[in-house]
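Here's the letter readout for the chains.
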Amino acid sequence: MARLSLVWGVLVTAAMGALAWQAPPVVEALRDRVFDSYQRLMPVETPTEAPVAVVDIDAEALARLGPWPWPRSYMAELVDRLFEHGAVAVGIDLDFTAPDPISLERILDSWSRFSTSVPPSMPDFGLRPNDTVFAEAIRGRPVVLRLRPADPALRRHETAEVRVLGAMPHALPEIRGIAFPISILASTAGGQGIGGLTPDNDGVVRRATLVARSDDTLVPGFAAELLRVVNGAQNYALRMDAGGELGLINRGRPWQLWIGGRSVPVARDASVRLLPAPDRADRVIGAMSILGARPRDAQITAQLTGRVVLLGSTAPGLVRMVTTPAAEQRPELLVQADLLEQILAGRSLSRPVWVEEAELAAVLGLGLILSLLVGIGRVGGALAVMLVGGGAALLGGVTGYARAGLLVDPALPVLTLILVCLPGILIRSQVRRRTRRMVAAQFNQPLPPAILEAVAAAPRAALTPRGAAREVTAMAIDLPGLAHRAAALPPEAALGTLARARAAIAETVGAHGGIFEATGDETGMAIWNAPLARDDHAGAALAAIPDLEAVVASALATGPSAALAPVRVALGIYGASAIIGSSGTRGTRRYGVIGPAKDLAAHLQLLTPSYGVSNCVGAATAIHCPAHLIAVELDRVVLRQDSEAEPVFTVLDRTHPGAERLARLLGEARAAFLDRDWPGAEAAFTSLAALDLEPGDMMQLARVYLDRIEAFQHTPPPIEWDGSALG
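About the thresholds
Residues numbered from 1 in each chain as written. Predicted model: local features only at pLDDT ≥ 70, side-chain atom pairs only at ≥ 80, totals over all residues. Heavy atoms only, no water. Patch = residues over 30% accessible without salt bridge, like charges linked within 9 Å, V, L, I, M, F, W, Y side chains within 5 Å. Areas by Shrake-Rupley, 256 points an atom, 1.4 Å probe, with all protein chains shown as cover. Salt bridge = Lys/Arg side-chain N within 4 Å of Asp/Glu carboxyl O. Helix = DSSP H or I, 4+ residues; strand = E, 2+ residues; numbered from the N terminus. Buried < 20%, exposed > 50% of the residue type's maximum accessible area, 1.4 Å probe, protein only. 1 Å grid on protein atoms, 1.4 Å probe; cavity = no way out; pocket = protein on both sides within 12 Å on 5 of 7 lines; lining within 4 Å. Points joined across faces, edges and corners; volume = space filled by probe spheres on them. Nonpolar A, V, L, I, M, F, W, Y, C, P; charged D, E, K, R; others polar. Axes fitted to C-alpha atoms, helices over the stretch in contact; angles between N-to-C directions. Parallel < 35°, antiparallel > 145°, perpendicular 65-115°, else oblique. Left-handed = near helix turned anticlockwise from the far one by under 90°. Contact = heavy atoms within 4.5 Å. Pairing = 2+ DSSP bridges. Polar contact = N/O pair within 3.5 Å; in protein donor to acceptor, adjacent residues only side chain to side chain.

Caption draft 1: Quick look at a nonpolar patch on the surface. Residues Leu6, Val10, Leu364, Leu368, Leu372 and Ile376 make up a contiguous nonpolar surface patch of roughly 470 Å² in combined accessible area. Counting residues per element, the nonpolar patch draws most heavily on helix H12 (residues 353-375), which supplies three residues. Of note, leucine 364 is situated in helix H12. Residue leucine 364 is classed as partly exposed on the basis of its relative accessible area, which comes to 34%.

Caption draft 2: Expanded view of empty space enclosed by the protein. Tallying each qualifying case throughout the model produces two cavities of 30 Å³ or more. Each pocket or cavity is described by its volume, and for the largest cavity that value is around 40 Å³. Lining of the largest cavity is provided by Ile477, Leu479, Arg502, Ile505, Phe516, Asp521, Glu522, Thr523 and Gly524. For the lining of the largest cavity, the class distribution of residues is four nonpolar, two polar and three charged. In the lining of the second largest cavity, the residues fall into seven nonpolar, three polar and no charged.

Caption draft 3: The packing of helix H18 (residues 491-511) against helix H19 (residues 537-556), seen in detail. Packing of H18 against H19 leaves a shortest axis separation of 9 Å and a crossing angle of 155°. Looking at the two axes, H18 sits roughly antiparallel to H19. Crossing angle aside, the handedness with which H18 passes H19 is right-handed. Taken together, the residues of H19 that come into contact with H18 (itself represented by Thr497, Arg500, Ala501, Ala504, Ile505, Thr508 and Val509) are Ala544, Asp547, Leu548, Val551, Val552, Ala555 and Leu556. Tallied by class, the residues present in the contact of H18 with H19 amount to ten nonpolar, two polar and two charged.

Caption draft 4: Inspection of the sheet that holds strand E4 (residues 162-165) at higher detail. With mixed pairing, the four strands of this open sheet are ordered in space as E4-E10-E11-E12. At either margin of the open sheet sits one strand with a lone partner, and together these are E4 and strand E12 (262-266). Recorded for the sheet is a direction-independent mean angle of 25° between the axes of neighbouring strands. By the bridge criterion, five bridges tie strand E10 (residues 236-240) to strand E11 (residues 255-259) in an arrangement that is antiparallel. Bridge pairing in E11 links tyrosine 236 to isoleucine 259. Lying on the sheet, helix H8 (residues 222-231) is in contact with E10, E11 and E12; it crosses E11 at an angle near 45°.

Caption draft 5: Focus on the side chain of aspartate 131. With respect to the helices, strands and loops of the structure, aspartate 131 is situated in helix H6 (residues 130-138). Side chain to side chain, aspartate 131 and arginine 72 meet in a polar contact 2.6 Å long. Ignoring anything within four residues of it in the chain, the contact list for aspartate 131 reads Arg72, Pro99, Asp100, Ile182, Ile184 and Leu185.

This is the structure we're talking about:
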């Protein structure tokens, strides 16, 4: 039983440890949801001074200046005014992969595209192409244009170099092709970075890639390129953190992306986990506010000075909405702004190697401890470990996120605790229930609950199916005359009287560590030291004597049996070696005790009315009499055929008023008897018979000795006489 629940716990722990080590997609998805909950419970605080501003080509701007695409001359004007108002860099999150379709030269081309006639001549207005105007506006300025994935690739231009220090990381996202802006813009822009935020399989955007791979080239992300331009760096350096080399979990080595003098911690796929901040109206400026700010507007200058500007659109038809970990739909432009602010502010969510190793250690350590506790039956301790360990894991996850931005996953440790503990307890309970039924079936009478549980906990050790030799103490129990007297009652009352008496005896025997089996309507046999071994079995049996006498009297003093004549319990107790064990075929096994103890106990019980006492006890058992009882020698009796006489005792309760006096007087009378002082012994026993001492019938006890004295006075016993009855 213990082995089954222990094996279950170890297997579950091993499986959960493997999941923690390998982190398959299902585990990563679970962790993502846990980390999402952190962001919902503890959102990022809104910074008082945001380092990033957003200029939005919103619905108002499109309504006033016309639908998208705008002439690139508008974009040139917008860029000029942004820098006039103090922007330190501008990232344009718009698509410029095609020439301006409404530039004058493009319009003339469109007129002649499907006509065979000579195109109309237009006067020279001295207007430059819109793309040229836009290119001149961004030339030499820290302006970053967005690249987009395309298959097949659209044009090819150089991007800032990403140097890898060490082995090339294999987890970088692969882009089949890239659509670059038109050549005049690509060649004059301060930087170009791949844009777009890729959602996970569940549609939630949690990460932003700072470096991607296209063929054999590493391409920076849009946000990373804007940071490079802001920092005035020429290229990037991607390298593994030296501390990661010591990690036990190879897949989790931390990487650093160096952009100038700024180090950005990234995951193995060169991504950062997003920390979306609450929307702030003061961070977003409408494009019309910029274009209408002539001369220079002081309020807009205050909003843009020293800030990085993201230029894009949240207008319908242009905006791309994404789902954030906070379970809200937001324009991608604003999420990109959150990403820039997060990096510029040095905020990050990290999951170092040591966190993964700590999670693995928690899974294995807690799982094995819990498996052991469940296996050895410490259910209370197992539940305590489950609750405390689970609470500590949850608290550690929340605290690590709140204080250090650590992504600690409590899910696997908590699941390990639950899956080891609850099913393990259930398995143990089911096996224990089945074992209890098996144990109970081997006894003719129900076992006391405590003994049944103890035997079921270790059935092979307790039931000794191969047999065992052990000293046992047997107690023969009789309620002489009860069945005859109960027959005078109505049938239901008669049966109830006998059942109450048996139940009281069985409960009392069980309370003292023994087992009871009824052998007749008013007789039964109790055994100590089988099936459960206990060193104090003889003392435990003797300690049950006064309680048995009391509970039988109490049980018969209630109900219809109260009208019956009193019945005194008669007990015979003997200790001897026995063969114990469970025997029989499968399904019909019975537990038994083989040896003389039960027969000799029954013999002693039959002697009780002869001596007028409630119990007769063998000498080997009497020497273990507890301190609150008195063992008084009654006689020497031949209990076994072809053996010498043995001392027989009766056990009295010291708290009984007449017990001490009876022990003293009987001891004095027997001393005279053994000294062959027949006159003195006769006088002593005659005096004892005249006394009304409880417990016991003094007249009956004295008559046994007075009859012997009379016989010995006529025929003295032989020299070797030991005090026992002769003939």
